[in-house]
Amino acid sequence: MSTAAPRTADQDRIWSVDEHLQDILATVRPLEPIELQLLDAQGCVLVEDVMAPGSLPPFDNSSMDGYAVRVVDVAGASEEFPAVLEVIGDVAAGQADLLHVGPGQAARIMTGAPLPPGAETVVPVEWTDGGLGEGPVSGMRAAGRHPGGAGGQVRVHRPAEARAHVRAKGSDVRAGECALEAGTVLGPPQIALLAAIGRGTVRVRPRPRVVVMSTGSELVQPGEQLGSGQIHDSNSFALTAAARDAGAIAYRVGAVVDDVDILRSTIEDQLVRADLMVTTGGVSVGAYDVVKEALSHVDDEDEPGSGVEFRKLAMQPGKPQGFGAIGADHIPLLALPGNPVSSYVSFELFVRPAIRTLLGLADVHRPTTRATLAADKALTSPAGRRQFLRGSHADGTVRPVGGSGSHLVAALAHADALIVVPEDVTSVEPGTEVEVVLLG
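Residues numbered from 1 in each chain as written. Predicted model: local features only at pLDDT ≥ 70, side-chain atom pairs only at ≥ 80, totals over all residues. Heavy atoms only, no water.

Caption draft 1: View of the overall build of the chain. On a plain count of helices and strands, the chain comes out with 8 helices and 29 strands. The C-alpha radius of gyration of the chain comes to 32 Å, more than 25% above the 22 Å expected for a compact globule of 440 residues. Its C-alpha atoms put the chain at 95 × 55 × 45 Å along the principal axes. By residue count, 46% of the 440 residues in the chain fall in the buried class. For the chain, contacts bridging at least 24 residues in sequence account for 73% of all contacts bridging at least 6. (Helix = DSSP H or I, 4+ residues; strand = E, 2+ residues; numbered from the N terminus. Rg over C-alpha atoms; globule rule 2.2 N^0.38 Å. Buried < 20%, exposed > 50% of the residue type's maximum accessible area, 1.4 Å probe, protein only. Contact = heavy atoms within 4.5 Å.)

Right, dumping it as structure tokens:
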């Protein structure tokens, strides 16, 4: 692996949030389409319209367990004066050879079974005596235990209109109609529709593979005992979960120690399974900020166009950021700060849109709304920075959760929104309408 030196010509320049995001989205491109089996395509985005080759349902069928009859034969039927019909047999779901229902006849029919020729409507079994010669029944006798139930007579206690309890051919989708449009995200209902119209495979953009890596010699895996000066690694878990929530196939790499050579080697090993790489930590100005060191000072003669740029953004939290491409295939890499809140907010603002772009979605951003600030006192914000505060949003109001510190993981866990304070605002009074990014 090699990378270019950082492309920042002016180390003192402060970039806006919008400029940084624009540069990221200008570089990231949707993944190339592939043909996938239906279950493998879950969560992917269609790249072409899917037309229905046939009607759905493909034939008129019963929506009830009951009796297929002619309308005239049950007209005026009641419990006192039932219509007595000859049962000529059963029509079960999947049955190929259909009976013909003639005058004075009925065919016992099951839910989903084709409406037999001659029949015009379906009478639910609850409207009949079930062939028992008594009052209304609540269900049919099992065919396996009572094979004689498909013969004899049935008394119908209520009339039925034409095509009552009949699902019409093509009432769901007609042959030649567009079943699903390009750009549709395939969830369980869409997978069901594709299967129902007979599609075994579908052409989609695959879910991007995202490798998440945290850095820091102080990090210990959850479940392990903490030593002096150590903390548990939460960032890699948070960002891997966030990447999956965004639609990616995400791989978490255990925390990498603050060693430039080990970090470079680990990144190089992970490139084979990455469409996007995300690192957290090591991007500021400290002596042990190894991500910046590892990705900034390497010869890139064999890989022109590669390189990672490190910037200072006019935002809080999340001022230090890095973005670029690494490796021979120019895999996009986003380097996020290490404080937990800074890392997560940066993911929502920059990584999530990149993942959604790789998926091929038209709208890559979280929804936003306006809400009234409910707070005990005014919110303060540094001049010249766009601040993102954790909040709880409901019923048109938003309330801050926790303080502004970038280490407050507990506050983040109870937030479902980000309160946005613009760069030119230093104080927001309670009752003020503010912009809110909805995270849920």
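What follows picks up the thread again.
Caption draft 2: How the structure looks around the environment of Arg390. Mapped onto the fold, Arg390 is located in strand S25 (residues 386-394). Spatially, the C-alpha atom of Arg390 lies 16 Å from that of Ala238, the residues being 152 residues apart in sequence.

Caption draft 3: Representation of the packing of aromatic side chains. With the rule as written, the count across this model stands at 0 aromatic pairs. Against the face of Trp15 rests Arg13, its NZ or CZ located 3.4 Å from the ring centre. The cationic tip of Arg311 hangs over the ring face of Trp15; the distance from NZ or CZ to the ring centre is 3.6 Å. (Phe/Tyr/Trp six-rings, centres within 6.5 Å; stacked < 30°, edge-to-face > 60°. Lys NZ or Arg CZ within 6 Å of the ring centre and 35° of its normal.)

Caption draft 4: Geometry of the nonpolar core. Formed by 37 residues in total, the largest nonpolar core has its most connected members in Leu276, Phe350 and Ile355. Not counting the four nearest positions on each side in its chain, Leu276 is found in contact with Arg209, Val210, Val211, Ile331, Pro332, Leu333, Leu334, Val351, Ala354, Ile355 and Leu358. (Core = buried A, V, L, I, M, F, W, Y, C linked by side-chain atoms within 4.5 Å.)

Caption draft 5: Highlighting the sheet that holds strand S13 (residues 201-205). Overall, antiparallel pairing links the 3 strands, which are arranged S2-S13-S3 in an open sheet. Each having just a single partner strand, strand S2 (34-37) and strand S3 (45-46) make up the two edges of the open sheet. (Pairing = 2+ DSSP bridges.)

Caption draft 6: Quick look at the confidence of the model for the chain. Here the chain shows a mean pLDDT of 90. Residues at 70 or above account for 90%. Per-residue pLDDT stays below 50 along residues 2-9; that stretch engages in 37 contacts with residues further than four places along the chain or on separate chains. (pLDDT = per-residue confidence, 0-100.)

Caption draft 7: Structural view of the sheet that holds strand S21 (residues 320-326). Strand order in the open sheet formed by 7 strands is S1-S19-S21-S22-S18-S14-S17, and the pairing between neighbours is mixed. Across the chains shown, the open sheet's two edge strands, defined by having one partner strand only, are strand S1 (14-15) and strand S17 (249-256). Across 5 bridges, the pairing between S21 and strand S22 (residues 331-336) is antiparallel. Bridge pairing in S22 places Phe323 opposite Leu334. Contacts from helix H4 (residues 235-245) reach strand S14 (209-215), S17, strand S18 (276-280) and S22, with the element oriented near 170° to S17. Where helix H5 (residues 260-270) meets the sheet, its contacts fall on S14, S17, S18 and S21, and the angle it forms with S14 comes to roughly 165°. (Axes fitted to C-alpha atoms, helices over the stretch in contact; angles between N-to-C directions.)

Caption draft 8: Representation of the packing of H4 against helix H7 (residues 340-359) within the structure. Packing of H4 against H7 leaves a shortest axis separation of 10 Å and a crossing angle of 25°. By the criterion of interaxial angle, the relationship of H4 to H7 is roughly parallel. Of the two elements, H4 crosses H7, and the hand of that crossing is right-handed. Residues Asn235, Leu239, Ala242, Ala243 and Asp245 of H4 form the contact with H7, whose own contacting residues are Pro340, Ser343, Tyr344, Phe347, Arg352 and Ile355. (Parallel < 35°, antiparallel > 145°, perpendicular 65-115°, else oblique. Left-handed = near helix turned anticlockwise from the far one by under 90°.)

Caption draft 9: How the structure looks around the pairing of S13. Every second residue of S13 is oriented toward a common face, the buried set being Val202 and Val204 and the non-buried set Thr201, Arg203 and Arg205. Across 2 bridges, the pairing between S3 and S13 is antiparallel. Across the sheet, Val45 pairs through a bridge with Arg205, a residue of S13.

Caption draft 10: Main features of helix H1 (residues 17-27). Buried residues of H1: Val17, His20, Leu21 and Ile24, and no others. Along H1, the residues classed as buried sweep out an arc of 95° about the axis, all on the same side. (Arc of directions from axis to C-beta.)

Caption draft 11: Representation of unusual backbone geometry in the model. Cis geometry is adopted by the peptide bond preceding Pro57, which originates at Leu56 and carries an omega value of -5°. Examined against the element boundaries, Pro57 turns out to sit in the loop between strand S4 (50-51) and strand S5 (61-62). The peptide bond linking Gln316 to Pro317 adopts the cis configuration, its omega dihedral lying at -5°. Here Pro317 shows up in the loop between strand S20 (315-316) and S21. One non-glycine residue, Arg163, adopts positive backbone phi at about 65°. Looking at where Arg163 falls in the secondary structure, it is placed in the loop between strand S10 (153-156) and strand S11 (166-167). Positive phi is not limited to glycine here, since His165 has a value of about 60°. Following the sequence through the fold, His165 ends up in the loop between S10 and S11. Exposure remark for His165: the relative accessible area of 23% places this residue in the partly exposed category.

Caption draft 12: Representation of the packing of H1 against H7 within the structure. Where H1 meets H7, the closest approach of the two axes is 10 Å, and the angle between their N-to-C directions is 25°. Our classification of the angle between H1 and H7 gives roughly parallel. When you trace H1 past H7, the crossing you get is right-handed. Judged by residue contacts, Val17, His20, Leu21, Ile24 and Leu25 of H1 engage Leu349, Phe350, Pro353, Ala354 and Thr357 from H7. When its residues are assigned to classes, the contact of H1 with H7 shows 8 nonpolar, 2 polar and no charged. (Nonpolar A, V, L, I, M, F, W, Y, C, P; charged D, E, K, R; others polar.)

Caption draft 13: The pattern of salt bridges, seen in detail. Tallied over the full model, the rule gives 15 salt bridges. Residue Arg311 pairs with Glu309 through a salt bridge whose shortest N-O separation is 2.8 Å. The partner of Arg370 in a salt bridge is Glu433, with the nearest N and O atoms 3.4 Å apart. On the criterion of sequence distance, the pair formed by Arg370 in strand S23 (residues 368-373) and Glu433 in strand S29 (residues 433-438) is long-range, its members being 63 residues apart. Classification of Arg370 by relative accessible area gives partly exposed; the value is 46%. Counted as one network, the salt bridges with shared partners bring together Asp245, Glu348, Arg352 and Arg366. (Salt bridge = Lys/Arg side-chain N within 4 Å of Asp/Glu carboxyl O.)

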